[in-house]
2 protein chains.
Amino acid sequence: MRATVIHGPQDIRIEEVPDPRIERPTDVVVRVLNACICGSDLWAYRGVSKRQAGQRIGHEFLGFVEEAGAEVRGFAVGDLVVAPFVWSDGVCEYCREGLQTSCPHGGFWGTPGSDGGQGEAVRVPFADGTLVKLPKEAAGDAKLLPGLLALSDVMATGHHAAVSAGVRPGATVAVVGDGAVGLCGVLAAHRLGAGRIIALGRHAGRTAIARSFGATDVVPERGEAAVEAVRELTGGQGAHAVLEAVGTEESMRTALSIARDGGAVGYVGVPHGGSAGVDIGQMFNRNVRLVGGVAPARAYIPELLPDVLSGAIDPGAVFDRTIGLDEVPEGYRAMDERTALKVRIAF
Amino acid sequence: MRATVIHGPQDIRIEEVPDPRIERPTDVVVRVLNACICGSDLWAYRGVSKRQAGQRIGHEFLGFVEEAGAEVRGFAVGDLVVAPFVWSDGVCEYCREGLQTSCPHGGFWGTPGSDGGQGEAVRVPFADGTLVKLPKEAAGDAKLLPGLLALSDVMATGHHAAVSAGVRPGATVAVVGDGAVGLCGVLAAHRLGAGRIIALGRHAGRTAIARSFGATDVVPERGEAAVEAVRELTGGQGAHAVLEAVGTEESMRTALSIARDGGAVGYVGVPHGGSAGVDIGQMFNRNVRLVGGVAPARAYIPELLPDVLSGAIDPGAVFDRTIGLDEVPEGYRAMDERTALKVRIAF
């Protein structure tokens, strides 16, 4: 089959790789129908996150079950499924608690020895613990498919930020980061009943999506000026819940600074700035909580799925370009240069 | 009157200062019956936290109302009261939410222009929002008085650590710090129903108190060895809830490292190590929360008081020395040299 392979910084190739096959009786093989490129893939693309030359990449996909191992109970050939961005055994203590990202048998798509999501097919370990079934008819619904694909990571991750930040009905929420995750954070906060949602961002296309997702205010400033702008909008107090969806030192500093005393920062941006942005003295004096981490998407998909199917939320609006597999290297370039927000790969 | 004054590092003196008087109609004057020296006072004593030469010091006290302003509603002359370690107006948004430490009209005893707790009397601003009434007969109960005094800070702060860390019935809890706050954290975790409480400490007198407060295990190791010891005690997982009651870089690093995935560090140690101990990458990968800060003691005293009065908890056991006002400089020395755990001042 053909799949996306990363050979080094800025070196993304489409190559012939071995066809996936059932290796353990709990595996299935999924024929990928839709995949996408994630903002976090760009850290590898830019060489900030190290990868072995020749490693697969991509961790968001949905498709049809093509083959199922003998011990798979929940899925049959022909089922349409979506995968969260990690696999997990579904039976350990962490999985039962809904923290599948800490499953001792879990793993991340594209790590050496596993298939990446940006390829024609994927061997899925622990299928019963990992996958979530979708209605088959959704496969032909061009309007619905992007939203379902967003459940594999960005929508679940935005929701994790909102839940971690303790978003409640009526709350004032601020979102740092205008990428797909930040925008999904806006949508998640709106879904949870936030009374006011302040989106930090200056890119017109993105702030338009933020507004369509429920943002009531947009703050184009950055750094100290952004902090002042949010404080001004909130009577000097800051936001009850801040969603941090970038992961840099500056974004973390901003996020903590715009949280209201007693409030929380729900952070889901993969940290790339060390801890220098975590102003522990400020957190201490104002009782600001820092909550979040890698989102257990598997725990959230069953809750979010009905709202996507009903049309109550459409996180698929974050995709502004659809390409074929051959165009994936160009897709990375476009996202890296911010000419695309989020790229969908249709097979 | 006579009160404790700090003139510089290691320079604590007892001096004649102006008698406090009612300045605003919401003030009361409290004649101090018991006060104490706090571990956090040692930061000033050591010169790590700056103080103006001649500034008052001490923030924990109980005593009798000697005079009450015209607008004071809840207290009358002769009432026995305990003060939390900050005053607060009791009516603002933050006070009504139970975050009195963020009250815009609040302040910390001993800041310039206010009385410190380690003196014969204290002018208490916003008495109705600040003080909590105690049964008068407690004043003559030598066994009860230390426990009531502990409510002003250390017990409330230990409780804040436990609540912030999300201690639940049956939870495995680890406590970093064997000072009075850490020990009160053990007591608070026990009171909240923790199933197992691991106290990190090596000082025999302190670990004995920890055990009497409910600790089931004691880990004398430090640093990496402590992390390994706690992991071994918890089947490799770490503790659901970790209480951090020191505030240094190393203690924070240890606390985060011994938290179970999906768990929390409730931190109440005044931060003195910057953010270098906050390993954000580890927090992210394992979804470990960092929650806490300066404890809103005023919010917790009404909940904890009945358990002290009934004898269900006796946080007064943290006091291992009682002195008169003249001996306060010696009390600081003893706590600094760790020959005393916590010193009570009886007037």
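Residues numbered from 1 in each chain as written. Chains lettered and ligands numbered in written order. Predicted model: local features only at pLDDT ≥ 70, side-chain atom pairs only at ≥ 80, totals over all residues. Heavy atoms only, no water.

Chain A is annotated in an unreviewed UniProt entry as Threonine dehydrogenase-like Zn-dependent dehydrogenase from Kitasatospora cineracea. One UniProt comment on chain A, placed under Cofactor (unreviewed entry), says "Zn(2+)". (UniProt positions renumbered as here; feature names shortened; annotations may be inferred.)

Chemist: Which parts of the structure should I look at to understand the UniProt feature "domain: Alcohol dehydrogenase-like N-terminal" (unreviewed entry) in chain A?
Modeler: Within this numbering scheme, the UniProt entry marks residues 25-135 of chain A as carrying the feature "domain: Alcohol dehydrogenase-like N-terminal" (unreviewed entry). Within residues 25-135 of chain A, the helical portion is 13% and the strand portion 31%, while the C-alpha atoms at the span's ends are 24 Å from each other. (Helix = DSSP H or I, 4+ residues; strand = E, 2+ residues; numbered from the N terminus.)

Chemist: Would you mind showing me how to read the sheet that holds strand S2 (residues 11-16) of chain B here?
Modeler: Hydrogen bonds along the backbone pair up the strands of a sheet, which may run parallel or antiparallel. Residue and element names in this part refer to chain B. Here 3 strands make up an open sheet; going across it, the order is S2-S1-S4 and the pairing antiparallel. Unpaired on one side and paired on the other, S2 and strand S4 (55-56) mark the two borders of the sheet. Of the strand pairs in this sheet, strand S1 (residues 2-8) and S2 are connected by 6 bridges, and their pairing is antiparallel. Looking across to S2, one finds that Thr4 is bridged to Ile14. Along the sheet, helix H12 (residues 328-336) makes contact with S1 and S2, crossing S2 at roughly 160°. (Pairing = 2+ DSSP bridges. Contact = heavy atoms within 4.5 Å. Axes fitted to C-alpha atoms, helices over the stretch in contact; angles between N-to-C directions.)

Chemist: Got a minute to help me understand the pattern of salt bridges in this structure?
Modeler: Close approach of charged atoms allows side chains of opposite charge to pair. Residues and elements named next belong to chain A. Overall, the coordinates contain 42 salt bridges over all chains when judged by the stated rule. A salt bridge links Arg13 to Glu15, with the shortest nitrogen-to-oxygen separation between them at 3.9 Å. Note that Asp307 and Arg191 form a salt bridge whose closest N and O atoms lie 2.7 Å from each other. With Asp307 in helix H11 (residues 297-309) and Arg191 in helix H6 (residues 180-191), the pair connects residues that are 116 residues apart, well separated along the chain. Overall, the relative accessible area of 22% leaves Asp307 in the partly exposed class. Each member of the salt-bridge network shares a partner with another, and the members are Asp11, Arg13 and Glu15. (Salt bridge = Lys/Arg side-chain N within 4 Å of Asp/Glu carboxyl O. Buried < 20%, exposed > 50% of the residue type's maximum accessible area, 1.4 Å probe, protein only.)

Chemist: Explain the interface of chain B and chain A here, please?
Modeler: When the parts of a complex come together, some accessible area is lost, and that lost area is often used as the size of the interface. Contact residues are listed per partner, giving 35 residues for chain B and 35 residues for chain A. Carbon and sulfur atoms make up 56% of the area that chain B and chain A hide from each other, which totals about 2,800 Å². Taken as a group, B:Ile280, B:Phe284 and B:Asn287 account for 26% of the area that chain B buries against chain A, more than any other trio of residues on that side. Linking chain B with chain A are 4 salt bridges. Summed over the shared surface of chain B and chain A, the number is 21 residue pairs in polar contact (both at pLDDT 80 or more). At 6 residues, the largest contribution of residues to the side of chain B that touches chain A is made by helix H10 (residues 280-286) of chain B. Here the residues of the side of chain B that touches chain A sort into 15 nonpolar, 13 polar and 7 charged. (Buried area = accessible area lost by both parts, 1.4 Å probe. Polar contact = N/O pair within 3.5 Å; in protein donor to acceptor, adjacent residues only side chain to side chain. Nonpolar A, V, L, I, M, F, W, Y, C, P; charged D, E, K, R; others polar.)

Chemist: I'm lost on the environment of A:Thr234 in this one. Help?
Modeler: Residue and element names in this part refer to chain A. Assignment of secondary structure puts Thr234 in the loop between helix H8 (223-233) and strand S14 (239-244). A C-alpha to C-alpha distance of 9.8 Å links Thr234 and Arg196, two positions 38 residues apart in sequence. When neighbours within four sequence positions are excluded, Thr234 is seen to be in contact with Thr172 and Ile198.

Chemist: In this structure, what is going on with the side chain of A:Ser275? I would like to understand it.
Modeler: Within the element layout of this structure, A:Ser275 appears in the loop between strand S15 (259-267) and helix H10 (280-286). Those residues in contact with A:Ser275, other than ones at most four positions away along the chain, are B:Ser275, B:Val278, B:Asp279 and B:Ile280.

Chemist: Even after reading the chapter, I still don't get the relation of the copies chain B and chain A, so can you show me in this structure?
Modeler: One copy of the chain maps onto the second through a rotation around an axis plus a translation along that axis. Note on the copies: chain B fits chain A at an RMSD of 0.0 Å, the axial shift is 0.0 Å, and the rotation between them is 180°. In the structure described here, the two chain copies are related by an operation that fits a two-fold rotation axis. Proximity to the rotation axis, assessed at the C-alpha, singles out B:Leu290 in chain B; its C-alpha lies 2.6 Å from the axis. (Least-squares fit on C-alpha atoms with pLDDT ≥ 70 in both.)

Chemist: It is not clear to me how the nonpolar core should be interpreted in this structure. Could you clarify?
Modeler: Nonpolar side chains tend toward joint burial in soluble globular proteins. In terms of nonpolar packing, the biggest core is built from 162 residues, with A:Leu148, A:Val173, A:Leu290, B:Val173 and B:Leu290 touching the most fellow members. With residues near it in sequence (within four places) discarded, A:Leu148 still touches A:Leu62, A:Val82, A:Leu134, A:Ala138, A:Leu305, A:Val308 and A:Leu309. (Core = buried A, V, L, I, M, F, W, Y, C linked by side-chain atoms within 4.5 Å.)

Chemist: What is the right way to read the domain arrangement of chain A from this model?
Modeler: Residue and element names in this part refer to chain A. You can read the domains of chain A as domain 1 (2-153 + 296-346) and domain 2 (157-292). Taking only C-alpha atoms, the centre of domain 1 and the centre of domain 2 are 27 Å apart. With 20 residues of domain 1 in contact, the opposing surface of domain 2 contributes 19 residues. Counting each side, the surface lost to burial between domain 1 and domain 2 is near 1,700 Å², with a carbon and sulfur contribution of 64%. Counting across the domain 1 and domain 2 interface gives 3 salt bridges. Inspection of the region where domain 1 meets domain 2 yields 5 residue pairs in polar contact (both at pLDDT 80 or more). For the side of domain 1 that touches domain 2, the class distribution of residues is 12 nonpolar, 2 polar and 6 charged. (Domains from an automatic or database assignment.)

Chemist: Even after reading the chapter, I still don't get the pairing of strand S6 (residues 80-83) of chain B, so can you show me in this structure?
Modeler: It is a general feature of regular strands that their side chains alternate between the two faces of the sheet. Residues and elements named next belong to chain B. The side-chain alternation of S6 yields two buried faces, one formed by Leu80 and Val82 and the other by Val81 and Ala83. Across 4 bridges, strand S5 (residues 61-68) lies against S6 in antiparallel orientation. The partner of Gly63 across the bridge, within S6, is Val81. Across 3 bridges, the pairing between S6 and strand S10 (residues 132-134) is antiparallel. The residue of S10 that forms the bridge with Val82 is Val132.

Chemist: Looking at this structure, I do not really get the side chain of B:Thr172. What am I missing?
Modeler: Turning to its location among the elements, B:Thr172 is positioned in strand S11 (residues 172-176). Beyond its immediate sequence surroundings of up to four residues, B:Thr172 is in contact with B:Arg196, B:Ile198, B:Thr234, B:Ala239, B:His240 and B:Ala241.

Chemist: Please clarify how the packing of aromatic side chains should be interpreted in this entry.
Modeler: Pairs of aromatic rings are described using the distance from one ring centre to the other and the angle between the two planes. Tallied over the entire structure, the rule returns 10 aromatic pairs over all chains. Judged by centre distance (6.1 Å) and plane angle (50°), the ring pair of A:Phe284 and B:Tyr267 falls under tilted. Taken together, the residues span two chains, with A:Phe284 in helix H10 and B:Tyr267 in strand S15 (residues 259-267). With relative accessibility at 6%, the residue A:Phe284 sits in the buried group. Given a relative accessible area of 0%, B:Tyr267 falls into the buried group. An angle of 70° between the planes, with centres 6.3 Å apart, marks the rings of B:Phe85 and B:Phe108 as edge-to-face. Pair noted here: B:Phe85 is in the loop between S6 and strand S7 (86-87) and B:Phe108 is in strand S8 (residues 107-108), with a separation of 23 residues, a long-range link. (Phe/Tyr/Trp six-rings, centres within 6.5 Å; stacked < 30°, edge-to-face > 60°.)

Chemist: Help me understand the packing of helix H5 (residues 154-164) of chain B against helix H6 (residues 180-191) of chain B, please; the structure alone is not making it clear to me.
Modeler: To describe two helices that pack against each other, one gives the angle between their axes and the distance between the axes. Residue and element names in this part refer to chain B. Close contact between H5 and H6 brings their axes to 7 Å; oriented N to C, the two are set at 60°. It follows that H5 is oblique to H6 by the angle criterion. Here H5 and H6 pass one another in a crossing that is right-handed. Residues Val154, Met155, Thr157, Gly158, His159 and Ala162 of H5 pack against Ala180, Val181, Cys184, Gly185, Leu187, Ala188, Ala189 and Arg191 of H6. Across the contact of H5 with H6, the residue classes break down as 9 nonpolar, 4 polar and 1 charged. (Parallel < 35°, antiparallel > 145°, perpendicular 65-115°, else oblique. Left-handed = near helix turned anticlockwise from the far one by under 90°.)

Chemist: Can you help me understand unusual backbone geometry in this one?
Modeler: For residues that are not glycine, phi is negative in most cases, and the peptide bond is trans in most cases. Residues and elements named next belong to chain A. The phi angle at Asn287 is positive, at roughly 50°, despite the residue not being glycine. In this structure, Arg338 is a non-glycine residue whose phi angle is positive, near 60°. With respect to the helices and strands, Arg338 occurs in the loop between helix H12 (328-336) and strand S18 (343-346).

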